Amino acid sequence: KGYAYVNITPLTNIDLEKRIVHLSFEIEKGKKVYFERINIRGNSKTRDKVIRREMKISEGELYNQTNLETSRRRVNALGFFEKVDISTKRGSSDELVEVNVEVTERPTGTFQIGAGFSSVENFIAQAQISQNNLLGRGQLLTLQAQLSSLRQLFLLQFQDLYFLDTKWTFGFNLFKQDQFLFSFVRRSQGGSLTWGYLIAEDT
């Protein structure tokens, strides 16, 4: 309800004969408090907007502890940070509060390489490079290659959950595949486009 500095004191009145306790809560709610500033620290790679768009609070809004906890959970769910801490402190007046978001970044890129042997395809090799936070923008980019004596596959995948800073999701896949069969060579290339829209919190 916006009362960030409410004081609640429980008062007890013991009735020894009836073996019961009368409990009263004395509530001193004070003034309503508003968010003054949202400070983000520790993100040397990830851009501020990637974190801010996951926040369920904004500067100038009425204080809301539930949305504060939801914001911490959403930022942590990005998978870009080892630790996400959100704390508050008094702002420039008693009716204002500052929010400090402290994050510790983790590596978001992966590199995989593998090799094997098959009685059908003989030697098999594969490699994949993936970046879940491309240039600190929160975008996904994956490059994949598979090679053998009978098959070659190259795949490029891209996904942006907030296309052009909107609630639209955009992604595409591009592939090129060659299969060397016993009497002919099959070559295929193509791709796909994906669009989506964020309707609600988890939909």
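Cut-off values and rules
Residues numbered from 1 in each chain as written. Predicted model: local features only at pLDDT ≥ 70, side-chain atom pairs only at ≥ 80, totals over all residues. Heavy atoms only, no water. Pairing = 2+ DSSP bridges. Helix = DSSP H or I, 4+ residues; strand = E, 2+ residues; numbered from the N terminus. Axes fitted to C-alpha atoms, helices over the stretch in contact; angles between N-to-C directions. Salt bridge = Lys/Arg side-chain N within 4 Å of Asp/Glu carboxyl O. Buried < 20%, exposed > 50% of the residue type's maximum accessible area, 1.4 Å probe, protein only. Contact = heavy atoms within 4.5 Å. 1 Å grid on protein atoms, 1.4 Å probe; cavity = no way out; pocket = protein on both sides within 12 Å on 5 of 7 lines; lining within 4 Å. Points joined across faces, edges and corners; volume = space filled by probe spheres on them. Nonpolar A, V, L, I, M, F, W, Y, C, P; charged D, E, K, R; others polar.

**Overview of the sheet that holds strand β7 (residues 122–131)**
- The six strands lie next to each other as β6-β7-β8-β9-β10-β11, forming an open sheet whose pairing is antiparallel. Looking at which strands have only one partner, the edges of the open sheet turn out to be β6 (109–118) and β11 (185–197). Taking the axes of each pair of neighbouring strands and ignoring which way they run, one obtains an average angle of 5° across the sheet.
- Pairing of strand β9 (residues 151–160) with strand β10 (residues 168–180) involves 10 bridges; the strand directions are antiparallel. Bridge assignment links leucine 153 to a residue of β10, and that residue is glutamine 177.

**Some points on unusual backbone geometry**
- Phi is positive for leucine 135, which is not a glycine, with a value near 55°.
- Assignment of secondary structure puts leucine 135 in the loop between β7 and β8 (140–148).

**Examining the pattern of salt bridges**
- A full pass over the atoms with the stated rule returns 10 salt bridges.
- Here aspartate 165 ties to lysine 49 by a salt bridge, and the two come within 3.2 Å at their closest N and O atoms. Remark: lysine 49 occurs in helix α1 (residues 48–52) and aspartate 165 occurs in the loop between β9 and β10; sequence separation between them is 116 residues.
- Among the residues examined, aspartate 165 registers a relative accessible area of 52% and is labelled exposed.
- As a salt-bridge pair, glutamate 54 and arginine 74 come within 3.0 Å of each other at their nearest N and O atoms. Here arginine 74 lies in helix α2 (residues 65–77) and glutamate 54 lies in the loop between α1 and α2, a separation of 20 residues in the sequence.

**With respect to the side chain of asparagine 133**
- With respect to the helices and strands, asparagine 133 occurs in the loop between β7 and β8.
- With residues up to four places along the chain from it excluded, the contact list for asparagine 133 reads Lys45, Thr46, Phe80, Thr108, Gly138 and Gln139.

**Side note on the layout of surface pockets**
- Its volume calculated, the largest pocket comes out at about 360 Å³.
- In terms of lining, the largest pocket is formed by 18 residues, of which the most central are Glu54, Leu78, Gly138, Leu161 and Tyr162.
- The space that makes up the second largest pocket amounts to roughly 180 Å³.
- Together, Arg53, Glu54, Met55, Lys56, Arg74, Tyr162, Lys167, Leu198, Ile199, Ala200 and Glu201 line the second largest pocket.
- For the lining of the second largest pocket, the residue count by class is five nonpolar, no polar and six charged.

In short, shape yes, function no, at least from these values alone.
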